[in-house]
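Observations on the three-dimensional arrangement
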Amino acid sequence: MKLWMKKIAKWTSLSLLGIVLLFLLLDRITPVRTDVAFAPIVEARDGTVLHAYQAKDQQWRIKARLDEITPELKKAIVFKEDKHFYHHPGINLLAIGRAIINNVFRLKRTSGASTITMQVARMLDPKHRTYFNKCIEMFRSLQLELHYNKEEILQLYLNLVPYGSNIQGVKAASLLYFNKTPDQLSLAEITALSIIPNRPNSLVMGKDNALIVKERNKWLQRFQQGRLFPQSVINDALQEPLTAYRHNAPNSVPQFAFRMRREHPGELEIRATLDENMQRNAENIVTDYVNQLKLHNINNASVLIIDNKTHQVLTYIGSSDFADRFHYGQVD
């Protein structure tokens, strides 16, 4: 009996070793690719997004930095999408087993048991939903967990998650729907954004806000039951109205943004020295001034304000009205 047990233990160890070696070999031959095309942005000195461009594939996909992903955002997403995210190696075997049983006995797909890591793998390389492709997805998930830590995988998820139309990632969604960066979102806004990826066609900001609030409040109550956030914060979030709609992408300094892209090719996040408040005030002054000068047939103006001590550019106005084609407003 003991000899038989030793043989089983030996073959089990050899089998596990073989599986590990095969996985490492496949990982070397077919590495997971995480090179995603993000949209470049130009920021003011305080981090305010002044101008945003689309990514090469015409998607609004703006990379959120790790410091922009707040603890509240992490908690809400992990609780909703994958409660065991920090404890599994990319695959939740118990959830997969439960899903298989449900799918077999109910004779239809009722649960996919996809972890956040598996969702990242699927978004990086979209394929038809088949059992074979699910296996590839699980293999890619193990690769992601091997090469990236949990915070980096969560960052990938939040940068790729779809929000309908051509909006991808929480930073693009927060800018285009709320005119904020992710670290400025309230709990109510975080929760509203977290439910859209599951139903991007039936939950459209600005169109289905009443339904979004209803679904948002359901999840806020689940957060309450899970004691995820203080009761007072949950109560405030439940009462917060939702007036969001799709805004235009930030495009307030077009000539300056074009110049920055030309001078910093390939950079995704260009932090300029512009003072956002000073820029706004200068733009208002220029607009009023040019309106007065139009009586004298003067239709354009430009402004450059520089800090004499540091030589930093604080305000840059290439023309008084970029949209004025008749008076060459697009000329810097």
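This write-up is about the structure you can find in this document. On a predicted model such as this, the values are computed, not experimentally measured, just so you know.

1. Focus on unusual backbone geometry
With a phi angle near 65 degrees, Asn 297 is a residue other than glycine that sits in the positive phi range. For Asn 297, the location among the structural elements is in the loop between helix H12 (276-293) and strand E6 (303-306). A relative accessible area of 64% places Asn 297 in the exposed class.

2. Considering the pairing of strand E7 (residues 313-317)
The buried count for E7 comes to four of five residues, which makes it a mostly enclosed element. Pairing geometry for E6 and E7, over four bridges, is antiparallel. Paired with Leu 304 across the strands is Tyr 316, a residue of E7. Here E6 folds back onto E7 in antiparallel fashion, the turn holding six residues, of which His 311 has a positive phi close to 65 degrees.

3. Notes on the sheet that holds strand E5 (residues 269-271)
Read from one edge of the open sheet, three strands run E2-E1-E5, paired in mixed fashion. Both outer strands of the open sheet, strand E2 (49-52) and E5, are each paired with one neighbouring strand and no more. Strand-to-strand, the axes of this sheet are offset by a mean angle of 20 degrees, without reference to chain direction. On the sheet, helix H11 (residues 254-263) packs against strand E1 (41-43), E2 and E5 and is oriented at approximately 110 degrees with respect to E1.

4. Regarding the nonpolar core
Within the largest apolar cluster, 57 residues are counted, with the highest numbers of intra-cluster contacts made by Tyr 163, Leu 193, Met 205 and Phe 223. At the level of elements, E2, helix H2 (71-81), helix H4 (116-124), helix H6 (150-160), helix H7 (170-178), helix H8 (187-195), helix H9 (209-225) and helix H10 (231-239) are the ones that each hand at least two residues to this core. A per-element tally of this core places H7 first, with seven residues. Setting aside its immediate chain neighbours within four residues, Tyr 163 contacts Gly 169, Val 170, Ala 173, Tyr 177, Leu 193, Ile 196, Pro 197 and Pro 200. Residues Ala 44, Met 260, Ile 270 and Leu 274 belong to the second largest nonpolar core, which totals twelve residues.

5. As for H6
Of all eleven residues in H6, nine are buried, a share of seventy percent or more. Within the span of H6, buried status applies to Lys 150, Ile 153, Leu 154, Gln 155, Leu 156, Tyr 157, Leu 158, Asn 159 and Leu 160. In this structure, the buried residues of H6 make contact with strand E3 (60-61), H2, H4, helix H5 (131-147), strand E4 (167-168) and H7.

6. Some points on the packing of H2 against H8
Packed helices, taken two at a time, are described by their axes: the angle between them and the distance between them. Where H2 contacts H8, the axes come no closer than 10 Å and their chain directions differ by 35 degrees. Handedness of the crossing formed by H2 with H8: right-handed. For the pair H2 and H8, the contacting residues are Glu 72, Leu 73, Ala 76, Ile 77, Lys 80 and Glu 81 in the first and Ile 190, Ser 194 and Ile 195 in the second. Here the residues of the contact of H2 with H8 are counted per class, giving five nonpolar, one polar and three charged.

7. Observations regarding the side chain of Glu 137
Note on placement: Glu 137 falls in helix H5. With near-sequence residues (within four places) excluded, Glu 137 lies in contact with Ser 114, Met 118, Ala 121 and Arg 122.

8. Quick notes on the environment of Leu 156
For Leu 156, the location among the structural elements is in helix H6. Distance from Leu 156 to Met 123, taken between C-alpha atoms, is 9.5 Å for residues 33 residues apart in sequence. The contacts of Leu 156, once residues within four sequence positions are left out, are Thr 34, Val 120 and Leu 144.

9. Focus on the pattern of salt bridges
Inspection of every chain in the model, using the stated rule, returns 22 salt bridges. Note that Lys 80 and Glu 81 form a salt bridge whose closest N and O atoms lie 3.0 Å from each other. Like Glu 81, Lys 80 is buried. Among the salt bridges present, the one from Lys 127 reaches Asp 125, with a minimum N-O distance of 3.2 Å. In this structure Asp 125 comes out as partly exposed when scored by relative accessible area, which is 37%. When salt bridges with common partners are traced through the structure, they connect Glu 43, Arg 65, Asp 67, Glu 68, Lys 171, Glu 269 and Arg 271 into a single cluster.

What counts as what
Residues numbered from 1 in each chain as written. Predicted model: local features only at pLDDT ≥ 70, side-chain atom pairs only at ≥ 80, totals over all residues. Heavy atoms only, no water. Helix = DSSP H or I, 4+ residues; strand = E, 2+ residues; numbered from the N terminus. Buried < 20%, exposed > 50% of the residue type's maximum accessible area, 1.4 Å probe, protein only. Pairing = 2+ DSSP bridges. Axes fitted to C-alpha atoms, helices over the stretch in contact; angles between N-to-C directions. Contact = heavy atoms within 4.5 Å. Core = buried A, V, L, I, M, F, W, Y, C linked by side-chain atoms within 4.5 Å. Left-handed = near helix turned anticlockwise from the far one by under 90°. Nonpolar A, V, L, I, M, F, W, Y, C, P; charged D, E, K, R; others polar. Salt bridge = Lys/Arg side-chain N within 4 Å of Asp/Glu carboxyl O.

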